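Tertiary structure, described
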Amino acid sequence: MSKKIAEERIRRLFELADKRVEEGESQLADRYVELARKIGMGETIPIPSELRKSICGSCHSYISPGYNCEVKIDSKNSRIQYKCQKCGNKDFYGYKE
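To keep things clear, this report deals only with the structure shown in the data block. (Residues numbered from 1 in each chain as written. Predicted model: local features only at pLDDT ≥ 70, side-chain atom pairs only at ≥ 80, totals over all residues. Heavy atoms only, no water.)

Running from N to C, helix α1 (residues 3–22) and helix α2 (residues 26–42) cross one another at 170°; their axes reach a closest spacing of 8 Å. Viewed along their axes, α1 and α2 adopt a mutual orientation that is roughly antiparallel. For the pair formed by α1 and α2, the contact residues are Ala-6, Arg-9, Ile-10, Leu-13, Phe-14, Leu-16, Ala-17, Arg-20 and Val-21 on the first element and Ser-26, Leu-28, Ala-29, Tyr-32, Val-33, Leu-35, Ala-36, Ile-39 and Gly-40 on the second. (Axes fitted to C-alpha atoms, helices over the stretch in contact; angles between N-to-C directions. Helix = DSSP H or I, 4+ residues; strand = E, 2+ residues; numbered from the N terminus. Parallel < 35°, antiparallel > 145°, perpendicular 65-115°, else oblique. Contact = heavy atoms within 4.5 Å.)

As structure tokens, then:
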């Protein structure tokens, strides 16, 4: 499989995962993320950074604000905190003002 096809499949799996979380099927969304990670590892391509923020750093489940994760904005330190409701892990991402 070429790297371009692998990246397209990864993006498609994340689209499907987003739809499943909105429908309340978080286990299926987690499975899609697992498959996307396996494709990325098999082809040695990283998951794009905008999609990587949708994966819990600890349990590797799909997180979506408003459905299964809490979001807090820390303007003092210019970062956003995502807290996974499945495992309680907190991931931090910086932003520029």
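Next comes the rest of the account.
Time to look at the layout of surface pockets. To find leftover empty space, a probe the size of one water molecule is rolled over the atoms. Estimated volume of the largest pocket: approximately 150 Å³. Every residue along the wall of the largest pocket is listed here: Arg-37, Gly-40, Met-41, Ile-45, Ile-47, Arg-52, Ile-55, Cys-56, Gly-57 and His-60. Ranked by the residues each element gives to the lining of the largest pocket, the list is headed by α2, at 3 residues. Across the lining of the largest pocket, the residue classes tally to 5 nonpolar, 3 polar and 2 charged. (1 Å grid on protein atoms, 1.4 Å probe; cavity = no way out; pocket = protein on both sides within 12 Å on 5 of 7 lines; lining within 4 Å. Points joined across faces, edges and corners; volume = space filled by probe spheres on them. Nonpolar A, V, L, I, M, F, W, Y, C, P; charged D, E, K, R; others polar.)

Mapped onto the elements of the fold, Lys-72 is located in strand β1 (residues 69–74). Note: C-alpha distance between Lys-72 and Arg-37 (35 residues apart in sequence) is 26 Å. Among residues more than four places away in sequence, those in contact with Lys-72 are Arg-79, Ile-80 and Gln-81.

A few words on the sheet that holds β1. To summarise the sheet geometry, strands pair through backbone hydrogen bonds and adopt either a parallel or an antiparallel arrangement. Pairing within the open sheet is antiparallel, and its 3 strands lie in the order β1-β2-β3. Both edges of this open sheet fall to β1 and β3 (90–94), since each of them pairs with a single strand only. Sheet twist, expressed as the mean angle between neighbouring strand axes with direction ignored, is 20°. As defined by bridge partners, β1 adjoins strand β2 (residues 79–84) across 6 bridges and the pair is classed as antiparallel. Each residue of the ladder has a partner; that of Val-71, found in β2, is Tyr-82. (Pairing = 2+ DSSP bridges.)

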